[in-house]
Each structure stands twice: as structure tokens, then as C-alpha cells.
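# Descriptive analysis of the structure
Single-letter residue listing:
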Amino acid sequence: MAAMVFEVLTIFPALIEAYTSESIMRRAREKGVVEVFVYDIREFTTDRHRQVDDYPYGGGAGMILKPDPVCRALEHLDRDGEERLKVLLTPAGRVFDQSLAEEYARSRGRILLIAGRYEGVDERIRSFVDEELSIGDYVLTGGELPALVIIDAVTRLLPGAVGDSRSVREESFTTGLLDYPQYTRPPDFRGMKVPEVLLSGNHELIRRWRRKEALRRTLRRRPDLLRKARLDEEDRRLLKEIKEEEQWR
Ligand code: 9D3
């Protein structure tokens, strides 16, 4: 199976290399599940000072990523004739979520992530990309962490990337609910006991308890997720039980 490929355009290539050279990302790269290529935008400048940013026309605070080095980098990459989805990382983009991660993982294509820095990028860069993505409504100092978030979320979905693929399969079953509470040894930690049912060895009881607690937690903390989740007959019965129980709290 051909590896999924991520390419990252950035002025801080070491940030991308560092994260993708450890842990699960490192092993996925070693196994050939994913390839990560990092390109330094500065290498595509042509002026003496290798300038990647400049002052905004019209005035204002901060610096803007210049269009020429980014555009020259895109032209350089496109010379290989490979198809690639070009994604600009920007706070004004569509918000990346798990369903887009799944879509990217299914595509197994080649995805180029362009990380801006400073206060933004020259507007004309937008005309050279296919998509604009944000990772959420908070302000970061650049697109490098968003690039890593996307690479990480997609890579763990690729076959062979994660040691125990059960955890990835189970999450498509739990579709859109928060996790149920989990415990490991000891059974009594400073007076806080592990729920009896988990020590019972009764797998059907355990399965139902976990489903119910996942529903309870989602109802309490993220009712917005519950409206989108795919619920079956049992789920609706468990939710009714939960709502009756919560009346007494
Ligand atoms: C919304 C802030 N902008 C208003 C003047 C300026 C600005 C600040 C910081 C523009 C870009 C950035 C750097 N952030 C990103 O490049 C970025 C980002 C983010 O900050 N939050 C969530 N997702 C992303 S994707 C790229």
C-alpha cells in the first residue's frame, strides 16, 4: 500500500520535524504508513535578505507573509507532476474536525499544508490553494501547530499506524460520544473505588454500563454532540433512564 504523504511549507521546519520524529508519528513514518516532507519557505526567496514577510499596505500592526516565496515553493513542488491537495492554514478557514480527518485518511492522497505566521498571509496566496482550514476559535502564533494537529489526527486513522487498531475501530462505533470513565489498578485509590461492574467479568453488563456512562457524560457536558450522534434503540432507552436518574440529583 502506497504511503499517505504530507508536505508542509513553513518558516520553522524544525518544529514539524521534531513532533513527527517521536512516538506514534515516528513509527508510522518508519513503517511507511505516512511520509512527511518539510519545506522551508525561506529557501524560495530570491532577495539578498531572504525576506519572507513584510509590512501591511494601508498600515497596521504586525507582518504579512509575502506571496512570492510561497508561490515559488508551490511551483517547485508541482514540477513533480503529482496531484496534491493544497491547504492554507488560517484562522479564517473551515474548522477541521474528525469527519474531515476521516475523509483525508480515506483519500490516502498527498496533502500540502501551508503554515502562515505573523498576522496573516497576503490575500493573493489564497488563489493558489484548494482549501482553507482552521483548527478552532483561538488565536495561535502560526500554522505549524495546526499542521501538526491535522497530520496527527489523520495519521492515527491510517491502517497500521496505531499499535492496537481496536481503539481506532471502537471509536467509529461510539461515533461522536465522549469516552466512558476508565480505570486501572488499584481497585481502591485513596478511598475512591472502581465501579463494581468493571470487576464483575460480565462483559454484557460492562458493555451496557460503558455505553450508558458515555451517554450520561455526553448529555451533561456536550449536549451539542448528542444531537449529531447516531443513536439506536438501546441508546434511547439508556438516555431515558439517565434523565430519570438525573431528576433526583
Ligand atoms: C484572528 C487573528 N488575526 C486578526 C488580526 C491575526 C492573526 C493572528 C494569528 C492571524 C494569524 C495568526 C496565526 N494563526 C494561524 O496561522 C492559524 C490558526 C490559529 O491561529 N487558530 C486556529 N487555527 C489556525 S490555522 C492557522
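Calculation criteria
Residues numbered from 1 in each chain as written. Predicted model: local features only at pLDDT ≥ 70, side-chain atom pairs only at ≥ 80, totals over all residues. Heavy atoms only, no water. Core = buried A, V, L, I, M, F, W, Y, C linked by side-chain atoms within 4.5 Å. Buried < 20%, exposed > 50% of the residue type's maximum accessible area, 1.4 Å probe, protein only. Helix = DSSP H or I, 4+ residues; strand = E, 2+ residues; numbered from the N terminus. Contact = heavy atoms within 4.5 Å. Patch = residues over 30% accessible without salt bridge, like charges linked within 9 Å, V, L, I, M, F, W, Y side chains within 5 Å. Areas by Shrake-Rupley, 256 points an atom, 1.4 Å probe, with all protein chains shown as cover. Salt bridge = Lys/Arg side-chain N within 4 Å of Asp/Glu carboxyl O. Near = heavy atom within 4 Å. 1 Å grid on protein atoms, 1.4 Å probe; cavity = no way out; pocket = protein on both sides within 12 Å on 5 of 7 lines; lining within 4 Å. Sits in = over half its atoms within 2 Å of the grid points. Nonpolar A, V, L, I, M, F, W, Y, C, P; charged D, E, K, R; others polar. Points joined across faces, edges and corners; volume = space filled by probe spheres on them. Pairing = 2+ DSSP bridges. Axes fitted to C-alpha atoms, helices over the stretch in contact; angles between N-to-C directions. Parallel < 35°, antiparallel > 145°, perpendicular 65-115°, else oblique. Left-handed = near helix turned anticlockwise from the far one by under 90°. Domains from an automatic or database assignment.

## Quick word on the nonpolar core
Membership of the largest hydrophobic core comes to 33 residues, with the highest contact counts inside it found for F96, Y104, L113, I150 and V154. Those elements that place two or more of their residues in this core are β1 (4-10), α2 (23-30), β2 (34-40), β5 (85-95), α4 (98-107), β6 (110-115) and α5 (144-155). Element by element, the count of residues in this core is highest for α5, at six residues. Residues in contact with I150, not counting those within four places in the same chain, are L89, F96, Y104, L113, L133 and I135.

## So, a nonpolar patch on the surface
A contiguous nonpolar surface patch, about 300 Å² in accessible area, is contributed by Y138, L140 and L145. Mapped onto the secondary structure, Y138 falls in the loop between β7 (131-134) and α5.

## A few points about the site of the ligand
Near the ligand lie 16 residues; those nearest to it are S134, I135, G136, Y138 and L140. In isolation the ligand has 580 Å² of accessible area, and contact with the protein removes 76% of it. In a pocket analysis with a 2 Å cut-off to the grid points, the ligand is assigned to the second largest pocket. Mapped onto the shell around the ligand, the elements with two or more residues apiece are β5 and β7. With three residues, the top contributor of residues to the shell around the ligand is β5. Here the residues of the shell around the ligand are counted per class, giving nine nonpolar, six polar and one charged.

## Remarks on the layout of surface pockets
The computed volume of the second largest pocket comes to approximately 380 Å³. Every residue lining the second largest pocket is counted, 22 residues in all, and those nearest its centre are L89, T90, P91, L140 and G142. Broken down by element, the residue count for the lining of the second largest pocket peaks at four residues, all from β5. Residues belonging to the lining of the second largest pocket are distributed by class as follows: eleven nonpolar, eight polar and three charged.

## Side note on the pairing of β1
Counted residue by residue, β1 has seven buried out of seven residues, so it is predominantly covered. In β1, alternate side chains face the same way, and those of M4, F6, V8 and T10 on one face and V5, E7 and L9 on the other are all buried. Two strands pair when backbone bridges link them, and β1 and β2 are joined in this way by seven bridges, in the parallel orientation. Bridging across to β2, T10 finds its partner in D40. Relative to β6, β1 is paired through five bridges, and the arrangement is parallel.

## Digging into the side chain of D235
Take D235: it is sitting in helix α9 (residues 233-247). Each residue touching D235, except ones within four places of it in the same chain, is listed here: R211, L215 and R230.

## A few points about the packing of helix α7 (residues 203-221) against α9
Contact geometry for α7 and α9: axes closest at 9 Å, N-to-C directions at 60°. In this view, α7 runs oblique relative to α9, as classed from their interaxial angle. Seen from above, α7 lies across α9 with right-handed handedness. Counted together, R207, R208, R211, K212, L215, R216, L219 and R220 of α7 and E234, D235, R237, L238, L239, E241, I242, K243, E245 and E246 of α9 form the full contact between these two elements. Per-class residue counts for the contact of α7 with α9 are five nonpolar, no polar and 13 charged.

## What about the environment of V33?
With respect to the element layout, V33 can be found in the loop between α2 and β2. On the basis of relative accessible area, V33 is assigned to the buried category, the value being 14%. The contact partners of V33, leaving out residues within four places of it in the chain, are A3, M4, A28, L158, P159, G160 and A161.

## Overview of the environment of R94
The residue R94 is located in strand β5 in this model. Separated by 54 residues in the primary sequence, R94 and D40 have C-alpha atoms spaced 25 Å apart. Those residues in contact with R94, other than ones at most four positions away along the chain, are L100, E131, E132, L133 and S134.

## Some words on the domain arrangement of the protein chain
Think of interface size as the accessible area that goes away when the parts come together; that is how it is often given. Under the domain assignment used here, the protein chain contains domain 1 (4-165) and domain 2 (170-248). Domain 1 and domain 2 are separated by 37 Å when their C-alpha centres are compared.

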